[in-house]
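# Working through the structure, step by step
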Number of protein chains: 2
Amino acid sequence: MQKVDVKKMFGGSVKAWRKRLGMSQEQLAERADLHRTYVSDVERGARNLSLESITRMAYALNITVAELFPTEQPNG
Amino acid sequence: MQKVDVKKMFGGSVKAWRKRLGMSQEQLAERADLHRTYVSDVERGARNLSLESITRMAYALNITVAELFPTEQPNG
């Protein structure tokens, strides 16, 4: 299996998109109807989010789920 | 929030990729180190998979996680 920590990769991606959009964690949390601490946990790679929560984050960032993931295999 | 059932969308995507690769559910399950019934549940949209399980499915299909998701917003 993959050595890359997908939770950390995903968290970094959420954070990068959020900053690109000039949103605070509070604003993202509000848009996603989640707690700010949850968003914070996600961004530091501490959450193994479900398909539905991933979709909710993408929706709040106004991007597709696909855009939250690298287009290249991390090991390729 | 989205009206599209993301679990069903994801399941359909896994199934389409699996068939494109000429794999049986048994073969995919074995490659992903999961039970065949789990793969079957995923494909019919009955599972809200975690980030790590999603990654495992993509890895077993030899594709990126991004490739399991549509590149267009379902509602856009």
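Remember, it's a predicted structure, so these values are computed and weren't measured experimentally.

### Topic: the side chain of B:Glu43
If you trace the backbone, B:Glu43 turns up in helix α3 (residues 36–43). For B:Glu43, the residues in contact, after removing those within four places along its chain, are B:Gly11, B:Gly12, B:Val14, B:Lys15, B:Arg18, B:Gln25 and B:Leu28.

### Remarks on the confidence of the model for chain A
In the predicted model, chain A carries a mean pLDDT of 91, and 89% of its residues have values of at least 70. Model confidence for the complex: the whole-complex pTM is 0.87, and ipTM, which rates the interface, is 0.85.

### Looking at the interface of chain A and chain B
How large an interface is tends to be reported as the accessible area lost when its parts come together. Taken together, the contacts link 26 residues of chain A with 26 residues of chain B. Taken together, the links from chain A to chain B amount to two salt bridges. Note that B:Glu52 and A:Lys7 form a salt bridge whose closest N and O atoms lie 2.8 Å from each other. Across the chain A-chain B interface, the total number found is 10 residue pairs in polar contact (both at pLDDT 80 or more). Of the residues assigned to the side of chain A that touches chain B, the class counts are 12 nonpolar, nine polar and five charged.

### Concerning the nonpolar core
Ranked by size, the top nonpolar core spans 46 residues in total, and within it A:Phe10, A:Leu68, A:Phe69, B:Phe10, B:Leu68 and B:Phe69 carry the most contacts. Looking at this core, the elements that each hand over two or more residues are α1 (6–20), α2 (25–32), α3 (36–43) and α4 (51–61) of chain A together with α1 (6–20), α2 (25–32), α3 and α4 (51–61) of chain B. Once residues lying within four places of it in the same chain are set aside, the contact partners of B:Leu68 are B:Met9, B:Phe10, B:Ser13, B:Val14, B:Trp17, B:Ile54, B:Ala58, B:Leu61 and B:Ile63.

### Focus on the relation of the copies chain A and chain B
Superposing chain A onto chain B takes a rotation of 180 degrees plus a shift of 0.0 Å along the axis, which leaves an RMSD of 0.0 Å. Both copies are brought into coincidence by an operation consistent with a two-fold rotation axis. When the interface residues of chain A are mapped onto chain B, 100% of them are again interface residues, pointing to one common binding face.

### Some words on the packing of aromatic side chains
Under the criterion given, the structure shown has three aromatic pairs over all chains. Aromatic side chains A:Phe10 and A:Phe69 sit 5.5 Å apart centroid to centroid with 40 degrees between the ring planes, which places their arrangement in the tilted category. Here A:Phe69 lies in the segment after α4 and A:Phe10 lies in helix α1, a separation of 59 residues in the sequence. We classify A:Phe10 as buried; its relative accessible area is 0%. Residue class for A:Phe69 comes out buried when judged on its relative accessible area of 6%. Taken together, the ring pairs connect A:Phe10, A:Phe69, B:Phe10 and B:Phe69 into an aromatic cluster. The positively charged end of A:Arg20 is found above the aromatic ring belonging to A:Trp17, 4.4 Å away from the centroid.

Scoring rules and cut-offs
- Residues numbered from 1 in each chain as written.
- Chains lettered and ligands numbered in written order.
- Predicted model: local features only at pLDDT ≥ 70, side-chain atom pairs only at ≥ 80, totals over all residues.
- Heavy atoms only, no water.
- Helix = DSSP H or I, 4+ residues; strand = E, 2+ residues; numbered from the N terminus.
- Contact = heavy atoms within 4.5 Å.
- pLDDT = per-residue confidence, 0-100.
- Salt bridge = Lys/Arg side-chain N within 4 Å of Asp/Glu carboxyl O.
- Polar contact = N/O pair within 3.5 Å; in protein donor to acceptor, adjacent residues only side chain to side chain.
- Nonpolar A, V, L, I, M, F, W, Y, C, P; charged D, E, K, R; others polar.
- Core = buried A, V, L, I, M, F, W, Y, C linked by side-chain atoms within 4.5 Å.
- Buried < 20%, exposed > 50% of the residue type's maximum accessible area, 1.4 Å probe, protein only.
- Least-squares fit on C-alpha atoms with pLDDT ≥ 70 in both.
- Phe/Tyr/Trp six-rings, centres within 6.5 Å; stacked < 30°, edge-to-face > 60°.
- Lys NZ or Arg CZ within 6 Å of the ring centre and 35° of its normal.

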